[in-house]
Amino acid sequence: KRRFIASAGSAKTLGLLSESISMRLDSATSVKVFSHAVIGAIHNYGGTAGHGAKIPARPFLFLTDRDVAHCAEIFEEELLKAWEGA
C-alpha cells in the first residue's frame, strides 16, 4: 500500500525540488531550465535508483506557453529599462 498518493493533475512540486530550479541563458536564442538537486533528473524522467527501486516520472522541469509569455514580458521590460538607463 502506498503511503502518499499524488492527486491527478497536481501542480505541487515534491519536497524542496521547487527551490532547486534555476534558469540561465544558454545562448542568444534559448533559456535552460534545470534543477540543482541530485535527485532532480530521476524525479523528472523516472528510472531506477538505489538498490533497484523503480521511480516513476514526476515531471516538474517544464515551461508552459503561459510561462514562456511571462518570461518574454519580463525580458522585454528589463531590456527597455537597460536601454533607457544607458
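Here, the structure is the one placed above.
Residues numbered from 1 in each chain as written. Predicted model: local features only at pLDDT ≥ 70, side-chain atom pairs only at ≥ 80, totals over all residues. Heavy atoms only, no water.

J.: Before we move on, can you summarise the pattern of salt bridges with the specific residues and values?
T.: For the coordinates displayed, the defined rule picks out one salt bridge. Between Lys81 and Glu78 there is a salt bridge, with its nearest N and O atoms 3.3 Å apart. Here Lys81 and its partner Glu78 are both found in helix 2 (residues 65–85), three residues apart, which amounts to about one turn of the helix. Classification of Lys81 by relative accessible area gives exposed; the value is 51%. Its relative accessible area of 41% is what places Glu78 among the partly exposed residues. (Salt bridge = Lys/Arg side-chain N within 4 Å of Asp/Glu carboxyl O. Helix = DSSP H or I, 4+ residues; strand = E, 2+ residues; numbered from the N terminus. Buried < 20%, exposed > 50% of the residue type's maximum accessible area, 1.4 Å probe, protein only.)

J.: Give a detailed account of the side chain of Asn44, specifying residues and quantitative values.
T.: Take Asn44: it is sitting in helix 1 (residues 40–45). The residues contacting Asn44, other than those within four sequence positions of it, are Ala57, Arg58, Pro59, Phe60 and Leu61. (Contact = heavy atoms within 4.5 Å.)

J.: Hey, could you go over a nonpolar patch on the surface for me, with residue numbers and the actual values?
T.: Judged by side-chain polarity, Met23, Leu25, Val31, Leu63 and Val68 come together as a nonpolar surface patch covering roughly 470 Å² of accessible area. We classify Leu63 as partly exposed; its relative accessible area is 40%. (Patch = residues over 30% accessible without salt bridge, like charges linked within 9 Å, V, L, I, M, F, W, Y side chains within 5 Å. Areas by Shrake-Rupley, 256 points an atom, 1.4 Å probe, with all protein chains shown as cover.)

J.: Let's hear about the side chain of Ser20: which residues, and what values?
T.: Counting through the fold element by element, Ser20 comes out in the segment before strand 1 (21–27). Judged by relative accessible area, Ser20 falls into the buried class, the value being 9%. Setting aside chain neighbours within four positions, we find Ser20 in contact with Phe34, Ser35, His36 and Ala37.

J.: Run through the pairing of strand 1, naming residues and quoting values.
T.: Relative to strand 2 (residues 30–35), strand 1 runs antiparallel, the two being bridged by six bridges. Counted as the bridge partner of Arg24 is Lys32 from strand 2. Turn length for the strand 1-strand 2 hairpin, with the two strands adjacent in sequence and antiparallel, is two residues. (Pairing = 2+ DSSP bridges.)

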